[in-house]
Amino acid sequence: MGVDARDDGLPLSRGLGADVVLDAWKGKDYVVQEARKAKGGRGVDAWVNVSDAKLAAATACAITRILGTVVQVALLTEVSIPSSKYVFRDFRVKGSFTCSQKEAEEMLDVVFKHDIKVELNMKLS
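Residue numbers restart at each chain and count upward from 1, following the sequence in its written direction. Only residues with pLDDT of 70 or above have their local features reported here, since the model is predicted, and side-chain atom pairs are shown and tallied only from 80 upward, although totals for entire chains, interfaces and linings are computed over all residues. Processing note: side-chain calculations cover all non-hydrogen atoms of the structure and skip hydrogens and water entirely.

Asker: Quick question: what am I supposed to make of the overall build of the protein chain here?
Answerer: Strands here mean DSSP runs of E at least two residues long; helices mean DSSP runs of H or I at least four residues long; both are numbered from the N terminus. A tally of helices and strands in the protein chain yields five helices and five strands. The order of helices and strands in the protein chain, counted from the N terminus, is β-α-β-α-β-α-β-α-β-α. For the protein chain, restricting intrachain contacts to residue pairs at least 6 apart in sequence, the fraction spanning at least 24 positions comes to 39%. Total accessible area on the protein chain stands at roughly 8,600 Å², and carbon and sulfur atoms take up 55% of it. When checking whether two residues touch, look at their non-hydrogen atoms; a contact exists if any pair is within 4.5 Å. A 1.4 Å probe and the Shrake-Rupley method give the accessible areas. Residues count as covered only by the protein chains that appear here.

Asker: Which parts of the structure should I look at to understand the packing of helix H2 (residues 28–38) against helix H3 (residues 56–63)?
Answerer: A pair of packed helices is captured by two measures, namely the crossing angle of their axes and the spacing between those axes. Axis definition: a line fitted to C-alpha atoms, limited for helices to the stretch in contact. Angles are taken between N-to-C directions and run from 0 to 180 degrees. It is at 9 Å that the axes of H2 and H3 come closest, and there the two elements cross at 30 degrees. By the angle between their axes, H2 is roughly parallel relative to H3. For the element pair H2 and H3, the recorded crossing hand is right-handed. On H3, the residues touching Lys28, Val31, Val32, Ala35 and Arg36 of H2 are Ala58, Thr59, Ala62 and Ile63. Three classes are used: nonpolar for Ala, Val, Leu, Ile, Met, Phe, Trp, Tyr, Cys and Pro, charged for Asp, Glu, Lys and Arg, and polar for all others, with Gly counted as polar. Classifying every residue of the contact of H2 with H3 gives six nonpolar, one polar and two charged. For classification, angles of less than 35 degrees are called roughly parallel, those exceeding 145 degrees roughly antiparallel, those between 65 and 115 degrees roughly perpendicular, and all remaining angles oblique. By definition, any crossing whose near helix is turned counterclockwise from its far helix by less than a right angle is left-handed, and any crossing with a clockwise turn is right-handed.

Asker: Would you mind going over the environment of Ser13 with me for this structure?
Answerer: Positionally, Ser13 belongs in helix H1 (residues 9–15). It is 7.8 Å that separates the C-alpha atoms of Ser13 and Met1, two residues lying 12 residues apart in sequence. In this structure Ser13 touches Gly2, Ala18 and Val21, once residues within four positions along its chain are discounted.

Asker: Any chance you could explain the nonpolar core here in plain terms?
Answerer: Taken as a class, soluble globular proteins show a tendency for nonpolar side chains to be buried jointly. With 12 residues, the main nonpolar core is built from Leu22, Val31, Val32, Ala35, Val44, Trp47, Ala60, Cys61, Ala62, Ile63, Val70 and Phe91. Elements with a minimum of two residues in this core: H2, strand S3 (44–49) and H3. Element by element, the count of residues in this core is highest for H3, at four residues. With residues near it in sequence (within four places) discarded, Ala60 still touches Trp47, Asn49 and Val70. Here, nonpolar core means buried Ala, Val, Leu, Ile, Met, Phe, Trp, Tyr and Cys residues that are tied together by side-chain atoms lying within 4.5 Å of each other. Exposed residues in this analysis have more than 50% of their type's maximum accessible area, buried residues have under 20%, and partly exposed residues fall in between, with area computed by a 1.4 Å probe over protein chains only.

Written out as structure tokens, the structure is:
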């Protein structure tokens with residue numbers, strides 16, 4: 001699944017094999033509703049947030065299932081997550097510093113240009 005607000009990000013997600021691609025410009029409520037619908041009402045198992053948009057972390061948490069995991073990669077001054085989502089849904093939020101925004105964009109460009117695919121060898125539960 002991919003969520004993006006950039007015109008070029010939507011086809012990138014599709015091209016990389018996302019089974020569901022949602023346009024963030026349609027609003028948080030739309031993204032949450034469609035993401036949950038796509039996952040049978042329970043939400044995604046895990047989400048990696050690479051967006052620095054103000055609502056991106058909160059949206060990531062809203063679409064992640066109970067006991068799921070959100071990994072915050074985008075570097076922001078602060079990340080805002082509604083406490084009701086965090087406490088009552090009992091999911092994990094982890095930070096991951098992998099690279100600068102420019103390095104991340106260059107890496108994603110290489111992934112796209114060379115049609116790199118990722119295969120998981122573990123079951124996310």
